[in-house]
Amino acid sequence: MLKIISSRSSADNHSHFKYRNTVFIRKVLKTVKGGKNISFCAISYVGNQEGSVGVGYGKARNISDAIDKSFEIATKNVIKVRSRRLHNMNFKFCASEIIIRRKCNTNTKAPTYIIEMLRALGITNVSCKLVGSSNLMNNIFCMFAAIKQSVKIDIMLALRKKYIEQNICKNE
């Protein structure tokens, strides 16, 4: 069953995001008995530069449909970050590993597609190094998973702080 997505409805769905970008478009050829099937895949992300970012991966027979699908999936995968600074961390996803370090008073140093994702999130002053795979898709999803992990760390630290405050108030 095919899902028909009009360009008007998909533009209305993610119009509230300030930052929209398609990072990667790839042509996929599949050889079948009758010839070759051509399809396209696209990776894109959306963000509001105030702590929200989403990454999407879409596949379709046309380039425009693939881009629309990827934007639609990106709007569904939006995560919100409380603080606009990432923790120092090493994160591994598939064969890709990313090393993130905070830097003071410097510009973001990373590959361009990672810089664009951090811009969409609203984060500056970060240094990233990619180790292992040079696969663009894995690297993008590795960075997105690292941002998700940073959100979990923020929540854990907030809960720990709340727990300590409650116990100190009970003891006094």
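On a predicted model such as this, the values are computed, not experimentally measured, just so you know. (Residues numbered from 1 in each chain as written. Predicted model: local features only at pLDDT ≥ 70, side-chain atom pairs only at ≥ 80, totals over all residues. Heavy atoms only, no water.)

## A look at the sheet that holds strand β1 (residues 19-32)
Phase 1 of the analysis: The 4 strands lie next to each other as β1-β2-β3-β4, forming an open sheet whose pairing is antiparallel. With partners counted over all chains shown, the strands left at the sheet margins are β1 and β4 (79-80), one partner each.
Phase 2 of the analysis: Note that strand β3 (residues 52-60) and β4 share 2 bridges and pair antiparallel. Counted as the bridge partner of Ser-52 is Lys-80 from β4.
Phase 3 of the analysis: Sheet contacts for helix α2 (residues 63-76): β1, β2 (35-47) and β3; angle to β3, the most-contacted strand, approximately 145 degrees.
Phase 4 of the analysis: Contacts from helix α3 (residues 112-121) reach β1, β2 and β3, with the element oriented near 130 degrees to β3. (Pairing = 2+ DSSP bridges. Helix = DSSP H or I, 4+ residues; strand = E, 2+ residues; numbered from the N terminus. Contact = heavy atoms within 4.5 Å. Axes fitted to C-alpha atoms, helices over the stretch in contact; angles between N-to-C directions.)

## Quick word on unusual backbone geometry
Phase 1 of the analysis: Backbone geometry at Gln-49 places phi at a positive 60 degrees, although glycine is not the residue there.
Phase 2 of the analysis: Within the secondary structure, Gln-49 is located in the loop between β2 and β3.
Phase 3 of the analysis: Here Cys-94, not a glycine, exhibits a phi torsion of approximately 55 degrees, which is positive.
Phase 4 of the analysis: Relative to the helices and strands, Cys-94 resides in the loop between β5 (89-93) and β6 (96-102).
Phase 5 of the analysis: Taking relative accessible area as the criterion, Cys-94 reaches 54% and is therefore assigned exposed. (Buried < 20%, exposed > 50% of the residue type's maximum accessible area, 1.4 Å probe, protein only.)

## Re α3
An α-helical turn contains 3.6 residues, so any two residues separated by three or four positions project in the same direction.
Phase 1 of the analysis: Summarising burial for α3: 8 of the 10 residues are buried, a large majority.
Phase 2 of the analysis: With its phi angle positive at about 95 degrees, Gly-122 sits one or two positions after the end of α3.

## Some remarks on the confidence of the model for the chain
Phase 1 of the analysis: Per-residue pLDDT for the chain averages 79, and the proportion of residues at 70 or more is 85%.
Phase 2 of the analysis: Residue range residues 1-12 is modelled with pLDDT below 50. Its contacts to residues more than four positions away, or to other chains, number 5 contacts. (pLDDT = per-residue confidence, 0-100.)

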